[in-house]
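Each chain is listed here by its residues.
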Amino acid sequence: MKYGKKRNRAAGRVSRDAMNKGQEQEKKQRQMPVRISGVKERGERLHAWLMDSLDWLYPPRCPVCDGIMAPGGRICPGCGGEVRTVEEPVCKKCGKPLENERREYCGDCTHKKHTYCQGKAVFVYRGGIRQSMYRFKYANRREYAEFYADRAAALYGAWVRRNQIEVIVPAPMFSGKKRRRGYDQAEVFARALGRKLDLPVDAGLIRRVKNTVPQKELNEKERQHNLKNAFQLQADIVEYRQVLLVDDIYTTGSTIDAVAETLLAGGVRNVYSICISIGAGF
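Just so it is clear, the model here is predicted, and its values are computed rather than measured.

Visitor: Describe in detail the packing of aromatic side chains, supporting the description with residues and values.
Guide: Tallied over the entire structure, the rule returns nine aromatic pairs. With 5.1 Å between their ring centres and 85° between their planes, phenylalanine 136 and tyrosine 148 make a pair best called edge-to-face. Of this pair, phenylalanine 136 sits in helix α3 (residues 128-138) while tyrosine 148 sits in helix α4 (residues 144-162); the two residues are twelve residues apart in sequence, bridging distant segments of the chain. Here phenylalanine 136 matches tyrosine 148 in class, with each residue buried. Taken together, Phe123, Phe136, Tyr144, Phe147 and Tyr148 form an aromatic cluster joined through their ring pairs. We note lysine 93 situated over the ring of tyrosine 116; from NZ or CZ to the ring centre the distance is 5.7 Å.

What follows is the structure in structure tokens.
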């Protein structure tokens, strides 16, 4: 009888211990998202603090005139009129601004089938933005990316969310060229935009395996031949379905098409694009 009572008490303790342990685990699981959120918030505050500190040590430059600005500035007050953001009417495919609001597509997209779903651009490639893009690409003005990304997020943040974008992928630069330059401007822009939109950036998903001739020197047929087999996926299986591809300058869309074709062949369902600047579509 005594043995039975002892066994029952022992079983009761085991049951209570198991119940307490289960409650503790449940409590930890409930607290985990809060902790993750807290870590993320601390990381964001640390990034903001580092950016502010760098602004004091290395004052930011205006992305239009390249003049030194006060810490925290994005563009000189007088330079806002030197750049033109893309506004309606625009081509419904590539995003080039159109003069005739009755037209739906630009001249290029009327005669050419693209592999990407839809493209957007932030600035019209003229005026102050031309020199801005040149310095961003060739003069190590990587800080300009914050200004570009600010405008891109303000213009197209809702569009990105509506299309359920999962990841941002920069149009890759050939590895040798990247080593010589020290950075890939499309990747710099992608990472700035990823921070603004709270989206991951996968810069290693696709690689440029062919050192192509600069596209600006070629006609349309030469561009397509130049980019043939130029890109290669770095993963056997692509886990993303909705991808945002970003680049610096959009001309005819040959580069975006070639990268998009490679992504689609790897299992991506839809590819959208945002470029920093674009020419007029007339």
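Visitor: I'd like a rundown of the pairing of strand β2 (residues 167-170), residues and numbers included.
Guide: Here β2 shows a buried face lined by Val167 and Val169 and a second buried face lined by Ile168 and Pro170. Note that β2 and strand β5 (residues 242-250) share four bridges and pair parallel. If you follow valine 167 over to β5, its bridge partner there is valine 243.

Visitor: Which residues make up the sheet that holds β5, and what values go with them?
Guide: Read across the open sheet, the four strands follow the order β1-β6-β5-β2; overall the sheet is parallel. The sheet terminates laterally at β1 (118-124) and β2, the two strands that pair on one side only. Along the sheet, successive strands turn relative to each other by an average axial angle of 25°, direction set aside. By the bridge criterion, eight bridges tie β5 to strand β6 (residues 270-278) in an arrangement that is parallel. When the sheet's bridge partners are listed, valine 243 is paired in β6 with valine 271. On the sheet, helix α6 (residues 185-197) packs against β2, β5 and β6 and is oriented at approximately 130° with respect to β5. In the packing of helix α8 (residues 254-265) onto the sheet, the strands contacted are β5 and β6, and the crossing angle to β5 comes to about 160°.

Visitor: How would you sum up the environment of cysteine 62? Please name residues and give values.
Guide: If you trace the backbone, cysteine 62 turns up in the loop between α1 (2-57) and α2 (107-111). For the pair cysteine 62 and arginine 74, spaced twelve residues apart in sequence, the C-alpha to C-alpha distance is 6.4 Å.

Visitor: I'd love a proper account of the pattern of salt bridges, names of residues and values included.
Guide: Taken as a whole and judged by the stated rule, the model has 13 salt bridges. Salt bridges sharing partners connect three or more residues here, namely Arg74, Glu146, Asp150, Arg195 and Lys196.

Visitor: Outline the side chain of serine 277, listing residues and values.
Guide: Topologically, serine 277 is positioned in strand β6. Apart from residues no more than four positions distant in its own chain, serine 277 is found in contact with Ala121, Phe123, Tyr125, Met133, Asp248, Ile249 and Tyr250.

Visitor: Which residues make up unusual backbone geometry, and what values go with them?
Guide: In this model, glutamate 88 is joined to proline 89 through a cis peptide bond whose omega is 0°. Along the chain, proline 89 turns up in the loop between α1 and α2. The phi angle at aspartate 66 is positive, at roughly 70°, despite the residue not being glycine. Locating aspartate 66 in the fold gives a position in the loop between α1 and α2. A positive phi angle, close to 55°, is found at glutamine 164, a residue other than glycine. Its location among the elements puts glutamine 164 in the loop between α4 and β2. What makes glutamine 164 exposed here is its relative accessible area of 60%.

Visitor: Break down the packing of α3 against α4 for me, citing the residues and quoting the values.
Guide: Geometrically, a packed helix pair is captured by the angle between its two axes and the distance between the axes. Contact pair α3 / α4: the axes reach a minimum separation of 10 Å and the direction vectors enclose 130°. Taken as axis vectors, α3 and α4 run oblique relative to one another. Residues Ile129, Ser132, Met133, Arg135 and Phe136 of α3 touch α4, and the partners they reach there are Tyr144, Ala145 and Tyr148. When its residues are assigned to classes, the contact of α3 with α4 shows six nonpolar, one polar and one charged.

Visitor: Provide a residue-level description of α8, including the pertinent values.
Guide: Taking 1.5 Å per residue, twelve residues should reach 16 Å; α8 reaches 17 Å between its end C-alpha atoms and fits that length. Of all twelve residues in α8, nine are buried; the element is thus mostly enclosed. Buried within α8 we find Ser254, Thr255, Ile256, Asp257, Ala258, Val259, Ala260, Thr262 and Leu263. Contact partners of the buried residues in α8: β3 (206-208), α7 (220-226), β4 (231-233), β5 and β6.

Reading guide: rules and limits
- All residue numbers refer to position in the chain's written sequence, counted from 1.
- The model is predicted, so local features are restricted to residues of pLDDT at least 70 and side-chain atom pairs to those at 80 or more, both for listing and for counting; the totals for chains, interfaces and linings are taken over all residues.
- For the side-chain quantities, the full set of heavy atoms in the structure was used; hydrogens and water were omitted.
- Under the pairing criterion, centres of Phe, Tyr and Trp rings, with the six-membered ring standing for Trp, must be within 6.5 Å; the plane angle then separates stacked pairs below 30 degrees from edge-to-face pairs above 60, leaving the rest tilted.
- Secondary structure elements are defined from DSSP: runs of H or I of at least 4 residues count as helices, runs of E of at least 2 residues count as strands, and each element is numbered from the N terminus.
- Only protein chains enter the accessibility calculation, which uses a 1.4 Å probe; a residue is then buried when its area is under 20% of its type maximum, exposed when over 50%, and partly exposed in between.
- To sit over a ring, a charge needs its Lys NZ or Arg CZ within 6 Å of the ring centre and within 35 degrees of the ring normal.
- The rule for pairing is simple: two strands pair if DSSP sees at least two bridges between them.
- Between the N-to-C directions of two axes lies an angle of 0 to 180 degrees, each axis being a line fitted to C-alpha atoms and, for a helix, fitted only over the stretch in contact.
- When checking whether two residues touch, look at their non-hydrogen atoms; a contact exists if any pair is within 4.5 Å.
- We count a salt bridge whenever a side-chain nitrogen from Lys or Arg sits within 4 Å of a carboxyl oxygen from Asp or Glu.
- Working definition: roughly parallel below 35 degrees, roughly antiparallel above 145 degrees, roughly perpendicular at 65 to 115 degrees, and oblique for all remaining angles.
- Three classes are used: nonpolar for Ala, Val, Leu, Ile, Met, Phe, Trp, Tyr, Cys and Pro, charged for Asp, Glu, Lys and Arg, and polar for all others, with Gly counted as polar.
- What a helix is expected to span follows from its residue count: subtract one and scale by 1.5 Å.

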